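Coordinate inspection notes
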Amino acid sequence: MKKLSYMILMAFAVYAIQGCHSASTANTADSTATKDTTKAAAAGTAAVDSSDVKFADNAAGGGMAEIELSKLAQQKSTNTKIKNFAAMMVTDHSKAGDTLAVIAKNKNITLPTALDADHQKKLDDLSKKSGADFDKAYVKIMVEDHNGALKLMQDEAANGKDADLKAFASKVAPTVQMHIDAINKIKAGM
């Protein structure tokens, strides 16, 4: 009985908090994390810590952005090394995204289905470029995004609370490091 009362109180608190924060975009990720954690608890599965939900959201969003940016690079770049790198990005990030999607589904975590505003702006800006300007901009974005992705993976691998997400981050981090090494080599040759 106490457990049921606690669950009802928790659901009401989440509903109230979500209503208070619905106009605030700064708290969207936290509200989503709380909602997903509550949904997992309601479904009878172990609740996933909000920091792990935020990791999954960021990892999925970043991977989706790498795929879209790289598909554009496959179309617009005239540099064979960049086209090959972009093809590797599509393959590797699609594979990682599929793995993360399975983990998220099993834990009732809802992953993003569209690019966030920052990545959409990068894609829009990049699509307006061509030739050497395109190649330089793409390489710059890849270096920046992969450095951020490596930190994200390393932080989750070291500090994550969910064993499956920690294992995912540990498995993906070396691939991200390999991407960093490859794009830095391309950058040095430009």
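A brief report on the enclosed structure follows. (Residues numbered from 1 in each chain as written. Predicted model: local features only at pLDDT ≥ 70, side-chain atom pairs only at ≥ 80, totals over all residues. Heavy atoms only, no water.)

1. Some points on the side chain of E66
Tracing the backbone shows E66 in helix α3 (residues 50–76). K122 provides the closest opposite charge to the buried, unpaired E66, separated from it by 7.0 Å. Once you skip the residues sitting within four places of it in the chain, E66 turns out to touch M89, H93, M142, D145 and H146. (Helix = DSSP H or I, 4+ residues; strand = E, 2+ residues; numbered from the N terminus. Buried < 20%, exposed > 50% of the residue type's maximum accessible area, 1.4 Å probe, protein only. Lys, Arg positive; Asp, Glu negative; His and termini not counted. Salt bridge = Lys/Arg side-chain N within 4 Å of Asp/Glu carboxyl O. Contact = heavy atoms within 4.5 Å.)

2. With respect to the nonpolar core
Core analysis: the biggest nonpolar cluster contains 22 residues, and L100, I109, M153, L165 and F168 have the highest contact counts within it. For this core, the secondary structure elements donating two or more residues are α3, α4 (80–106), α6 (131–159) and α7 (163–188). Tallying contributions element by element places α7 first for this core, with 7 residues. Aside from chain neighbours lying at most four places away, what touches M153 is F55, A59, F168, A169, V172, A173 and V176. The next biggest cluster of nonpolar side chains, apart from the first, holds 21 residues, and it includes F85, M89, F134 and A137. (Core = buried A, V, L, I, M, F, W, Y, C linked by side-chain atoms within 4.5 Å.)

3. Describing the side chain of S77
Of note, S77 is situated in the loop between α3 and α4. In terms of polar contacts, S77 uses its side chain to reach the backbone amide nitrogen of N79, at 3.1 Å. A distance of 2.7 Å separates polar atoms of two side chains, one belonging to S77 and the other to D135. Those residues in contact with S77, other than ones at most four positions away along the chain, are I82, K83, F134 and D135. (Polar contact = N/O pair within 3.5 Å; in protein donor to acceptor, adjacent residues only side chain to side chain.)

4. Some words on the pattern of salt bridges
Tallied over the full model, the rule gives 7 salt bridges. Across the pair K122 and D145 runs a salt bridge whose closest N-O atoms are separated by 2.7 Å. Of this pair, K122 sits in helix α5 (residues 117–127) while D145 sits in helix α6; the two residues are 23 residues apart in sequence, bridging distant segments of the chain.

5. Observations regarding the packing of α4 against α6
In contact at an axis separation of 12 Å, α4 and α6 are set at 35° when each is read in the N-to-C sense. The chirality of how α4 crosses α6 is left-handed. Side by side, α4 and α6 meet where I82, F85, A86, M89 and H93 of the first sit next to D135, Y138, V139, M142 and H146 of the second. Across the contact of α4 with α6, the residue classes break down as 7 nonpolar, 2 polar and 1 charged. (Axes fitted to C-alpha atoms, helices over the stretch in contact; angles between N-to-C directions. Left-handed = near helix turned anticlockwise from the far one by under 90°. Nonpolar A, V, L, I, M, F, W, Y, C, P; charged D, E, K, R; others polar.)

6. Describing the environment of M178
Within the secondary structure layout, M178 lies in helix α7. The exposure class of M178 is partly exposed, given its relative accessible area of 36%. On a C-alpha basis, the gap between M178 and H146 in space is 9.8 Å, while along the polypeptide they are 32 residues apart. Ignoring anything within four residues of it in the chain, the contact list for M178 reads M88 and D92.

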